[in-house]
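Structural overview
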Amino acid sequence: MAVVFYIPSYLRNFTEGRGRVPVDARAGTVGEALAELWALYPGVRDRVVDERGKLRQHVNVFVGDTNIRDARGFETVLVQGVEISIIPAVSGG
Amino acid sequence: MPQTRQISARDGDVVLLIGTMKGAFLLRSDKKRKRWEMGGPYFPGQTIYALAYDGRAGKRRLWAGIQSEHWGASVASSDDFGRTWLEPDTVPIRFPEASNDSLKRIWQILPGREEEPDTIYCGVEPAALFRSTDAGKTWQLARGLYDHPHRKQWQPGGGGLCLHTIVLDPRNRERMWIAISTGGVYRTDDGGVTWRPRNVGVSAEFLPDKYPEFGQCVHKVVSHPSKPDRLFLQNHWGLFRSDDGADSWKAIEKGVPTTFGFAMAMHPHDPSTVFNLPIEADMFRATPEGKLRVYRTKNGGGSWQPLSAGLPQKNAYECVLRDAMSTDRLKPAGVYFGTRSGKVYGSASDGNRWALVMDGLPPVTCVKVAQVAGAAAKPKPKRKPAKKAARKRR
């Protein structure tokens, strides 16, 4: 199914400047869609997850309006055409 | 994002590499070191605890350990003094997937010995040592240290459990020292396969056993390449010297107002001259009496004298972190340090007189020096026959 990733400004350094990246995913879950994104743009991976594949503490991934931490994480199920947003959390100083 | 200013470094220039909590900056001067031009911010918003310049084998490469609170830590390099940076897609410094660790911060980047120009070392948090032998393309974890049986007893200090100092023995490729907060000093004599704690005589005020085998909170270790078995150590309380390659340490505290501090820098030409910057206490991390003073020993720690000319001596409650003081290799030597309040001070006179180089930066975490080829001190002309002088230079 086709889904679209929203890419925040810093990560566009690794997506040839693209802020929206569609992936024609065989993906049924967020994790599978992210794997498709990382195949296209490998530099995104290490910024979103650590060496162990764990979502970085101050990075949020939303499916539509749902934070995947409040759903089933990388197992969160996708629906056709949904936007997946990678958004830095409010933090810092 | 802010506009990044660029510098053009030329042969003979001195460039200060300034890491801060909000990005990196470059300060360029000619060898007079009086007027400074600023480049940056590079990596705006990111924390830069480690910077290094690699001028070996004709390179002019900057290295930066970058850390975003959002996107994690990585390493980047520039061959054009910051105009462009190469940040690899895949973070090349990484813990094994089977481990429970992930890279949090790069604390130290150190180019290897002159005769191994593609070797670079990196100290990171959580405490570990990485080495690259292909000029930074790939990095290998030093397993002997990572798997050390002491590891589970190392404790994070205020800055985290970090390997922040790497000292190479220029004469012996098998020997090097590292320092961990809190773990203490470890030395390898077999190229990094095995590591032994080297902390005899170094105190640990925060433990019931004040002189444990390991577990000290060492803040910085320096040594001069001409005398690698003599090391100087700034501890979490205490100044120490070793004359036997860190097999044992003796206190060298005469003349300092306090033995707490972070920064320590070796004089580039004199193995008996060292600079440090005392901080009042761990519970009050500010310069004593509101006076910003560098202290210098010229006799290997036998005594320390304050250097205050040109530095504020009133209402100056500053703190200088462990990697925020460096020297250049000119004659007289340049000495530089940066404060947590965003000021950079410099001396072009071995520390005798100081001047404010830059103000208004984010909190400074790191100060390193690049001498662009041709900037090194040139020997004074000798009135001896040319043949003899030439032999000496070789």
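Right above here is the structure, for reference.
Residues numbered from 1 in each chain as written. Chains lettered and ligands numbered in written order. Predicted model: local features only at pLDDT ≥ 70, side-chain atom pairs only at ≥ 80, totals over all residues. Heavy atoms only, no water.

**Overview of the overall build of chain B**
Counting its regular elements, chain B contains two helices and 27 strands. A globule of 394 residues ought to have a C-alpha radius of gyration of about 21 Å, and chain B, at 20 Å, matches this closely. Viewed in the frame of its principal axes, chain B has a C-alpha envelope of about 55 × 50 × 50 Å. Counting every position in chain B, which comprises 394 residues, the buried fraction comes to 61%. Counted over contacts in chain B with a minimum sequence separation of 6, partners at least 24 positions apart contribute 51%. On chain B, roughly 16,600 Å² of surface is accessible, and the fraction owed to carbon and sulfur atoms is 50%. Across chain B, 60 positive and 40 negative side-chain charges occur, with their mean positions spaced 9 Å apart. (Helix = DSSP H or I, 4+ residues; strand = E, 2+ residues; numbered from the N terminus. Rg over C-alpha atoms; globule rule 2.2 N^0.38 Å. Buried < 20%, exposed > 50% of the residue type's maximum accessible area, 1.4 Å probe, protein only. Contact = heavy atoms within 4.5 Å. Areas by Shrake-Rupley, 256 points an atom, 1.4 Å probe, with all protein chains shown as cover. Lys, Arg positive; Asp, Glu negative; His and termini not counted. Charge placed at Lys NZ, Arg CZ, Asp CG, Glu CD.)

**Some words on the interface of chain B and chain A**
Tallying the contact residues gives 21 residues for chain B and 20 residues for chain A. The junction of chain B with chain A conceals about 1,800 Å² of combined surface from both sides, 46% of it contributed by carbon and sulfur atoms. Broken down residue by residue, the surface that chain B buries against chain A is led by His70, Trp71 and Asp89 of chain B, which jointly contribute 45%. The interface formed by chain B and chain A holds two salt bridges in total. With its nearest N and O atoms 2.9 Å apart, the salt bridge here joins Arg47 of chain A to Glu87 of chain B. Where chain B packs against chain A, one counts twelve residue pairs in polar contact (both at pLDDT 80 or more). Here the residues of the side of chain B that touches chain A sort into six nonpolar, eight polar and seven charged. (Buried area = accessible area lost by both parts, 1.4 Å probe. Salt bridge = Lys/Arg side-chain N within 4 Å of Asp/Glu carboxyl O. Polar contact = N/O pair within 3.5 Å; in protein donor to acceptor, adjacent residues only side chain to side chain. Nonpolar A, V, L, I, M, F, W, Y, C, P; charged D, E, K, R; others polar.)

**Here's the deal with the pattern of salt bridges**
Residue and element names in this part refer to chain B. Evaluated as defined, the whole model comprises 32 salt bridges over all chains. Note that Asp54 is salt-bridged to Lys59, the shortest N-O span being 3.6 Å. The class for Lys59 is buried, based on a relative accessible area of 15%. Here Glu289 and Arg293 are joined by a salt bridge, their closest N and O atoms 3.4 Å apart.

**Description of the sheet that holds strand β13 (residues 184-188) of chain B**
Strand order across the open sheet formed by four strands is β11-β12-β13-β14 (chain B), with antiparallel pairing between neighbours. Edge positions in the sheet fall to β11 (162-168) and β14 (196-197) of chain B, since each of these pairs with one other strand and no more. (Pairing = 2+ DSSP bridges.)

Read these as geometric descriptors, not functional statements.
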